[in-house]
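A closer look at the structure
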Amino acid sequence: NLGRVMSPTLNIVVQRELELRNFVPKDFWQVEADFGDYQGILFDKTGTLTFYDEDKAKEAANKTGDTGEIISVDKKQSKSYAPRLHSLFDLQSECNELFGYTMNETLAVAQSLYEKKFLSYPRTDSSYITQSLAKGFKKMLNPLLSMPSLAKEANAVINDNALLQKVSKNKSYVDDKKVSDHYAITPTGLTPDFSKLTQDEINVYETVAKRFLAIFLPPEVTDRTTIITDSNGQTFKTNGKIIKDKGYTRLYNKRSKDIVLPNVKKGDVYKVHQVKLNKGKTKPPPRYTDKTLGSIMANVSRLVEDDEMKLILKEKKGLGTPATRGSIVEKLVSLKLIERKKKKFHATDYGISVIQTLEGHDIIQPELTATWESKLAEVEKGEVGKEDFYNEMLDYIHEQTKALQTIKPHIQGGQRRN
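Model, not experiment: these values are computed from the prediction.

Another aspect to go through is the overall build of the protein chain. Across its full length, the protein chain holds 15 helices and 10 strands. Considered along the principal axes of its C-alpha atoms, the protein chain spans approximately 75 × 65 × 45 Å. Counting over 418 residues, the protein chain shows a buried share of 44%. Taking as baseline every contact in the protein chain between residues at least 6 positions apart, the subset at least 24 positions apart corresponds to 76%. Accessible surface, the protein chain as shown: approximately 23600 Å² in total, 48% of it carbon and sulfur. Looking at charge distribution, the protein chain has the averaged site of its 65 positive side-chain charges lying 5 Å from that of its 56 negative ones.

Right, let's talk about the pattern of salt bridges for a bit. Scanning the entire structure with this criterion turns up 17 salt bridges. For Arg340, the salt bridge is made with Asp290, and the minimal N-O distance between the two is 3.1 Å. In this pair, Arg340 sits in strand β9 (residues 338-341) while Asp290 sits in helix α10 (residues 290-298), placing the two residues 50 residues apart along the sequence. Arg340 sits in the partly exposed class, given a relative accessible area of 27%.

Time to look at helix α2 (residues 54-62). Quick reminder: α-helices carry 3.6 residues per turn. Residues three or four places apart thus point the same way. For α2, the set of buried residues is Ala57, Ala60 and Ala61. One face of α2 carries all of its buried residues, which in axial projection span an arc of 100°. The exposed set on the far side of α2, more than 90 degrees from its buried face, consists of Asp55, Lys56 and Asn62. Packed against the buried residues of α2 are β1 (27-34), β2 (39-44), β6 (234-245) and β8 (274-281).

Looking now at a positive patch on the surface. A contiguous patch of positive charge on the surface is contributed by Arg84, Lys171, Lys177 and Lys178. Exposure remark for Lys177: the relative accessible area of 80% places this residue in the exposed category.

As judged from the 11 bridges shared by strand β4 (residues 67-80) and strand β5 (residues 220-231), these two strands associate in the antiparallel manner. Across the sheet, the residue bridging to Ile70 is Thr229, located in β5. Looking at chain direction, β5 and β6 are connected through 11 bridges and run antiparallel. Bridging from a neighbouring strand, Asp230 pairs with Thr235 of β6. The hairpin turn running from β5 into β6, its antiparallel successor, is two residues long, and Asn232 in that turn takes a positive phi close to 55°.

Here we take up the side chain of Ser301. Summarising the element assignment, Ser301 is placed in the loop between α10 and α11 (307-315). Note on Ser301: relative accessible area 11%, which makes it buried.

Before going further, it helps to spend a moment on the packing of α11 against helix α14 (residues 367-380). When two helices pack together, their arrangement is captured by the angle between the axes and the distance separating the axes. Packing of α11 against α14 leaves a shortest axis separation of 9 Å and a crossing angle of 80°. Between α11 and α14, the angle is such that the two are roughly perpendicular. Each of Met309, Ile312 and Leu313 in α11 lies in contact with α14, whose residues at this interface are Glu367, Thr369, Ala370, Thr371, Glu373 and Ser374.

Now for a negative patch on the surface. Together, Glu305, Asp306, Asp307 and Glu308 make up a negatively charged patch on the protein surface. Looking at the element boundaries, Asp307 is found in helix α11.

So, about the nonpolar core. Formed by 42 residues in total, the largest nonpolar core has its most connected members in Phe137, Leu141, Leu144, Val204, Tyr205 and Phe216. At the level of elements, α3 (88-99), α4 (103-115), α6 (137-141), α7 (151-158), α8 (161-168) and α9 (199-214) are the ones that each hand at least two residues to this core. Sorting elements by how many residues they give to this core places α9 first, with seven residues. Among residues more than four places away in sequence, those in contact with Phe216 are Phe137, Leu141, Val157, Leu163, Leu164 and Val167. Counting residues in hydrophobic clusters, the runner-up holds 37 residues, among them Ile296, Val300, Leu319 and Ile352.

Here α7 has its buried residues at Ala151, Glu153, Ala154, Val157 and Ile158. Along the axis of α7, the buried positions cluster into a sector of 165°, meaning they face one direction only. In this fold, the buried residues of α7 make contact with α6, α8 and α9.

Here we come to the packing of aromatic side chains. Two descriptors summarise a pair of aromatic rings, namely the distance from one centre to the other and the angle between the planes of the rings. Following the criterion strictly, the structure yields 11 aromatic pairs and no others. Consider the rings of Phe194 and Tyr205, whose centres lie 5.7 Å apart with planes at 65°: the pair is edge-to-face. One end of the pair, Phe194, is in the loop between α8 and α9; the other, Tyr205, is in helix α9, with 11 residues separating them in the sequence. Each member of the aromatic cluster is reached from another via a ring pair, and the members are Phe35, Tyr38, Phe236 and Tyr270. Of note, Arg16 hangs over the ring of Tyr288, and the distance from its end group to the ring centre comes to 4.5 Å.

Next up on the list: the environment of Tyr121. Within the element layout of this structure, Tyr121 appears in the loop between α4 and α5 (131-134). We classify Tyr121 as partly exposed; its relative accessible area is 26%. Between the alpha carbons of Tyr121 and Leu376 there is a distance of 27 Å; along the sequence they are 255 residues apart. The contact partners of Tyr121, leaving out residues within four places of it in the chain, are Tyr114, His182, Tyr183 and Ile185.

What counts and what doesn't
Residues numbered from 1 in each chain as written. Predicted model: local features only at pLDDT ≥ 70, side-chain atom pairs only at ≥ 80, totals over all residues. Heavy atoms only, no water. Helix = DSSP H or I, 4+ residues; strand = E, 2+ residues; numbered from the N terminus. Buried < 20%, exposed > 50% of the residue type's maximum accessible area, 1.4 Å probe, protein only. Contact = heavy atoms within 4.5 Å. Areas by Shrake-Rupley, 256 points an atom, 1.4 Å probe, with all protein chains shown as cover. Lys, Arg positive; Asp, Glu negative; His and termini not counted. Charge placed at Lys NZ, Arg CZ, Asp CG, Glu CD. Salt bridge = Lys/Arg side-chain N within 4 Å of Asp/Glu carboxyl O. Arc of directions from axis to C-beta. Patch = residues over 30% accessible without salt bridge, like charges linked within 9 Å, V, L, I, M, F, W, Y side chains within 5 Å. Pairing = 2+ DSSP bridges. Axes fitted to C-alpha atoms, helices over the stretch in contact; angles between N-to-C directions. Parallel < 35°, antiparallel > 145°, perpendicular 65-115°, else oblique. Core = buried A, V, L, I, M, F, W, Y, C linked by side-chain atoms within 4.5 Å. Phe/Tyr/Trp six-rings, centres within 6.5 Å; stacked < 30°, edge-to-face > 60°. Lys NZ or Arg CZ within 6 Å of the ring centre and 35° of its normal.

If you want it as C-alpha cells, here you go:
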C-alpha cells in the first residue's frame, strides 16, 4: 500500500521511532545560585548554560563570588489574546489534547453536530468568519445561555452592543479574504437539548462554544520580570511572572502559578548563600499523538529543505486535508504499519521495514506532493496543458512502477502481497 500522503506520513512516524530506539540519554548539569530572596540560573548570551561534563560545571560554579550585584531589572506587561476560531485541524488538536479523541473521532462527532444543525460545517481549513456572518453574533451566542458554565459570560456579551460591534471589525477573527470555501466552526444559533446529546457531542460542542465566546473577552494580562545578577563575572538569570487579569482564560479554569520576585532595583547587592549543580538527563523526542502527527502533516514544510518545495507545501497546507488526515492515519493503523498505544503512535517492525525498503524513492517524501501541486498550479494558470500534465503523470506512473518492481523487499511482519 503506497500513497503520496500515506507513505510520507508513515515515514515521519518511522523516523521518530528510529530516533527513539537509538536514543541514549546523557547527564547534564546547570548551575544555580541562591541569593536569599531569589535564585538564578547561570547563562550567557546564547541562553542557559548546560554542561555535559560535571567537572566543567563544578569549575563554573566555583567561579561564583560571595555576593551578586543586580545589573538589570526588566519588567514587561504582556497580553495574550484569545486564539483564532476553530478550523477542523484546530478542533481535532484541542479535542485530542482534552479528551484523547483521534482525528477521525473528532470529525465524526463534529459532523453529527453539523447534521443536527448545532455547529457549522466542520470540514473547513479556515479559522475566520465573514463580516456578514458577524452580524449574527447575538444569535450564535444565544445557545450558550443554556450552558451553566458559560451563561453568565455569554449574557454579558450579548447585552454589550459596542463590544459586539468591535469584535465584528477585528481582523483576527473576521476577515472575508481569509475565508475560502467554508468559514470557521461556530455554533449555529440553534440551541441543543443537551440531555439528548452524547457525552462526546457535549464535549465537542462545549469546546467550540468556549473558543467562540473567548473572542469577545479581554486578553490575559501578565507582568513578567527578568532579573540579571552578576557575581564575579558570572551572570545569572531569574524569571518571574504575575497574572494580573485572567481575561479569556477564565473560561478554561487555566492554572498558572505566579512566580513572585522581590522588589529589587539595579545596583542592589545580595549575598550568595549557596551555589549548587542541578542534574538532569536529556530527554528523547516525544512520540507523535493524533494532535502532533496532525500538526506535522499540516506543517510538513518544516521537514523540507528546498525553499521552493517548502513554500508550495506551506501554501497548500501540508499533506492531505483536515478532513482526510484522520482516515489516512487510521489506514496506517489498520494495515499494522503503525499502532496506537496509550494515545501515542509507534511504528511497527513491518512499517519500518516498508520504509527502509522504499528508501531513495520519492513516494515516501513530502516533496512529491509539492511537485504535483506545483504542476497543477501551472495547469491552472494555463502555463502547462492539461493533456501534457496527464501524459506526464502516466509516464511517471509507468516509470515508478518499473522501479518498484525491481525492489527486493526485506519485510518484517505484516502480509506480503504479490
